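Architecture and fold: a report
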Amino acid sequence: MSFKQRTHECGILRAADAGAQITVNGWAHRVRDLGGLFFVDLRDRSGLVQLYFDPQKFGNLSDIKSETCLSVCGIVQERAEETKNPSLATGDVEIQVDSFDILGTSKPLPFPLSDEQVMANVNEELRIKHRYLDLRRPKMYNKLALRAATIRKIRSYLDERGFLEVETPIITRSTPEGARDYLVPYRLEPGKFYALPQSPQQYKQLLMVAGIERYYQIAKCFRDESQRSDRQPEFTQLDLEMSFVTQEDILSLAEGLTLEVVNELISEFGLEKDPVGLFERLTYDESMRLYGCDKPDLRFGLQLFDLTELAKSCEFSVFQSVAKSGGSIRGVRYPGGAKLSRKEVGQLEEFCKTLGAKGMASIGVESASDAKLHGGVSRFFNEQEARQIIETSAAEDGDLLCLIADSYMSGNNVLYRLRNEIGDRCGLRSKRSLKFCWVVDFPLVEKDEETGLWSPMHHPFTSPKIEDMPLLDTDPAKVHADCYDIVCNGTEWASGSIRIHRSDIQSKIFHLLGINEQTQQERFGHILEAFTYGAPPHGGIAPGIDRLIMFLMDDDNIREVIAFPKTGNGYDPMMDAPSEIDLQQWQELGLKQQKY
RNA sequence: GCGGGUGUAGCUCAGCGGUUUAGAGCGCCGGCCUGUCACGCCGGAGGCCGCGGGUUCAAAUCCCGUCAUCCGCGCCA
């Protein structure tokens, strides 16, 4: 089928184009039939322009409906002053149509894609099922365009610095230590399976052994785990790795990349964001102490405070017993919270209890300078203690101090969410602001409560800090790692580490993690052997591409920034995947159908 | 695996202390309309009220189960 190709894009036409004989291609965004007048807003990816059809010339135009695909020839005309539309970029002109071809007719749509107000509430599964229509919306196109620009800028930044983009396999082997693997049956030997990579971790380390020195990849990763609004079974990371570097080299590269890419995107796309500044840097221990978590939202202060010492001798028996038995009494300040009603404070305590707190004690601050407290547990504290509490918490008049008594880690888990909740309530989590920070010096391992075994905080290839190596045998919990995260606005964005590049140390860590010699050889023999051939020191980091687009577009749902996402159960309603396979496929793969 | 929300017309929703014909807006179909741009006006079609079971004279409405979807927890080296 032949058709007239466009001479112009719809969205660029202006009064200066008046008189031009042009051809445009696109979709009928809206149709307005006034009887003696017939208007169509024609849309392509550049924008909208109004078409004017003279019905006397064309007769019946009822074949043109919403989303009919058209090729239109006509003349650009400046509109009469009173008919200009200032709310449309091309509103000073319209195309007087000479001829048109219908390139594709359209059935009535499953949802009104020209009505953004309704689209904001349309059943998401339906949008995913008809994603090829959903993506016609300028809003969705813009997300894909921003995503493409992001990746383009990342490539350019890294290419300029000598990085080599290398593709690593999508079908590879299962490494059951991490998340659940997606498995692919191997046809030639029934019973054997490939797995899809959870990350290109081992490949990129082997590329360092291979002398690539600077590698990156826009890498698809696959994890068969339960979903969240910010997690999909397949997602995209900027995966990068460098040889002959220290932690500082990686930090400065990743920070420089983020600053340049994000700030350029903010200005080029006109995003309503303040420019991103240099990253704050916190150690893991500091972050836990000040914010109760390893992913602090630094858009606001309200650092946690600690009353454990004071509590040991106070009259409030709950605090005293927790403090004396090794627990912590810590709290967060709620600015202006003293005016909350008893009921509202009760709701706040309920919130804490749903997070696992046994309770939440509160103190209203009437006057910080006079050490006047009121309400809650304030009656248990004498004036000297009151002064101490106010000083420690940096309380101001009208604050509510929210206190949690629990073990340090359990308390943290409540306090950091409570702090974020208070930040929300006080309007401190500004959408304009992107606060990136480094969290560094993570512990190497943590104890798995269920199995009692040591498990890696990051992954088993992470290098312990050299100065902590002696502690590996005596007190593994105290060993810190050359491991670092980038956090943005309270969400983990990137994670990386300096890797182990010596097979003796790698083997020692595997032993610590309870992986015996035989299993090491079976699962990791390739990497242990590779390290015996002159492996260079190396390290890297992997920021999430999807999440970066979420930050930039203010989406709190990862599906919104992915072209063809899956629903919460990993189902793709558009392709109807996963699907049954036919009998021949079962047989070829040597699989037996099992009914559970 | 667990907890909570939702499921009614193509879409967004109302109805849900039980009742006779289940509504609205948008969309769709038909008619009218020469400056609209969320065009307007008139008329019309369209519903296994997610699915299965139960209680009841009577169920969209109450109960049980189930499925899908959303949010969260566990999980996510």
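Cut-offs applied
Residues numbered from 1 in each chain as written. Chains lettered and ligands numbered in written order. Predicted model: local features only at pLDDT ≥ 70, side-chain atom pairs only at ≥ 80, totals over all residues. Heavy atoms only, no water. Core = buried A, V, L, I, M, F, W, Y, C linked by side-chain atoms within 4.5 Å. Buried < 20%, exposed > 50% of the residue type's maximum accessible area, 1.4 Å probe, protein only. Helix = DSSP H or I, 4+ residues; strand = E, 2+ residues; numbered from the N terminus. Contact = heavy atoms within 4.5 Å. Axes fitted to C-alpha atoms, helices over the stretch in contact; angles between N-to-C directions. Left-handed = near helix turned anticlockwise from the far one by under 90°. Nonpolar A, V, L, I, M, F, W, Y, C, P; charged D, E, K, R; others polar. Pairing = 2+ DSSP bridges. 1 Å grid on protein atoms, 1.4 Å probe; cavity = no way out; pocket = protein on both sides within 12 Å on 5 of 7 lines; lining within 4 Å. Points joined across faces, edges and corners; volume = space filled by probe spheres on them. Near = heavy atom within 4 Å. Polar contact = N/O pair within 3.5 Å; in protein donor to acceptor, adjacent residues only side chain to side chain. Parallel < 35°, antiparallel > 145°, perpendicular 65-115°, else oblique. pLDDT = per-residue confidence, 0-100. Arc of directions from axis to C-beta.

Let's shift gears to the nonpolar core. L158 and F436 are the most contacted members of the largest nonpolar core, which totals 46 residues. Looking at this core, the elements with two or more residues in it are α5 (138-160), β9 (214-222), β10 (234-243), α7 (247-268), β17 (436-440), β20 (483-488), β21 (491-498) and α17 (545-553). In terms of residues, this core owes the most to one element, α7, which gives ten residues. The residues touching L158, leaving out its near neighbours within four places in the chain, are F163, Y216, L238, L240, L253 and L257. Ranked by size, the runner-up nonpolar core spans 29 residues in total, among them M288, V439, L472 and I515.

It is worth spelling out the packing of helix α15 (residues 503-512) against helix α16 (residues 517-530) at this point. Interaxial distance between α15 and α16 falls to 11 Å at its minimum, and their mutual angle equals 145°. Helix-helix and strand crossings are classified by hand; for α15 and α16 the assignment is right-handed. Residues S503, Q506, S507, F510 and H511 of α15 lie in contact with α16, whose contacting residues are E517, Q520, F524 and L528. Of the residues that constitute the contact of α15 with α16, the class distribution is three nonpolar, five polar and one charged.

Attention now moves to the sheet that holds β10. One open sheet holds the eight strands; their spatial order is β6-β9-β10-β22-β21-β20-β17-β11, and the pairing between them is mixed. The open sheet has two edge strands with one neighbour each: β6 (164-165) and β11 (280-283). Both β17 and β20 contribute to a ladder of five bridges, which runs antiparallel. Among the inter-strand pairings, W438 is bridged to a residue of β20, identified as I486.

Attention now moves to the layout of surface pockets. Computed from the structure, the second largest pocket encloses a volume of approximately 700 Å³. In terms of residue count, strand β7 (residues 183-185) provides more of the lining of the second largest pocket than any other element does, three residues in total. When its residues are assigned to classes, the lining of the second largest pocket shows 13 nonpolar, three polar and four charged.

On to the protein's contact with RNA strand B. In the neighbourhood of RNA strand B, 49 residues make up the surrounding shell, with D33, T83, E94, S226 and R228 lying closest. Note that a base oxygen of RNA strand B is positioned 2.8 Å from one of the side-chain N or O atoms of Q50. Of all elements in the fold, only β1 (21-33), β2 (38-44) and α3 (124-129) reach the threshold of two or more residues within the surface near RNA strand B. Taken together, the residues of the surface near RNA strand B sort by class into 13 nonpolar, 19 polar and 17 charged.

Read around the barrel, five strands follow the order β1-β2-β3-β5-β4 and close on themselves; strand pairing throughout is mixed. On average, each strand axis in the sheet is inclined to that of its neighbour by 55°, with strand direction left out of account. Here seven bridges tie β2 to strand β3 (residues 47-53), and the two strands are oriented antiparallel to one another. Opposite D41, over in β3, you have Q50 as the bridge partner.

Our next topic: the packing of α5 against α17. Look at α5 against α17: their axes get within 10 Å of each other, and the N-to-C directions meet at 125°. By the angle between their axes, α5 is oblique relative to α17. Both α5 and α17 take part in a crossing whose hand is right-handed. Here K143, L146, R147, T150, I151 and I154 of α5 come into contact with α17, specifically with I545, D546, L548, I549, L552 and M553. The residue inventory of the contact of α5 with α17, partitioned by class, reads eight nonpolar, one polar and three charged.

Of the residues in chain A, 99% have a pLDDT of 70 or more, and the chain-wide mean is 95. ipTM for the predicted complex: 0.94, alongside a pTM of 0.95.

Here we come to helix α6 (residues 201-209). For α6, the set of buried residues is Q201, Q202, K204, Q205, L207 and M208. Buried residues along α6 sit against β9, β10, α16 and β22 (538-543). G211 sits one or two residues past α6 and shows a positive phi near 85°.

For the rest of this paragraph, the subject is the pairing of β22. Of all the six residues making up β22, six are buried; the element is thus mostly covered by neighbouring parts of the structure. Residues H538, G540 and A542 point to one face of β22 and G539, I541 and P543 to the other, with burial holding for every one of them. Sheet topology note: the β10/β22 ladder contains four bridges and is antiparallel. Bridging from a neighbouring strand, E241 pairs with G540 of β22. The pairing of β21 with β22 spans five bridges and is antiparallel. When the sheet's bridge partners are listed, S497 is paired in β22 with G540.

Among the residues of helix α12 (residues 383-393), E385, A386, I389, I390 and S393 are the ones counted as buried. Buried residues in α12, looked at end-on, bunch into an arc of 135°, giving them a common side. Seen from the buried face of α12, the exposed residues on the opposite side, beyond 90 degrees, are Q384 and E391. Along its buried surface, α12 packs onto β12 (305-306), α9 (308-311), β13 (328-334), β14 (361-367), β15 (372-374) and β16 (400-406). In this structure N382 caps α12, since a side-chain oxygen of it lies 3.1 Å from the backbone nitrogen of Q384.

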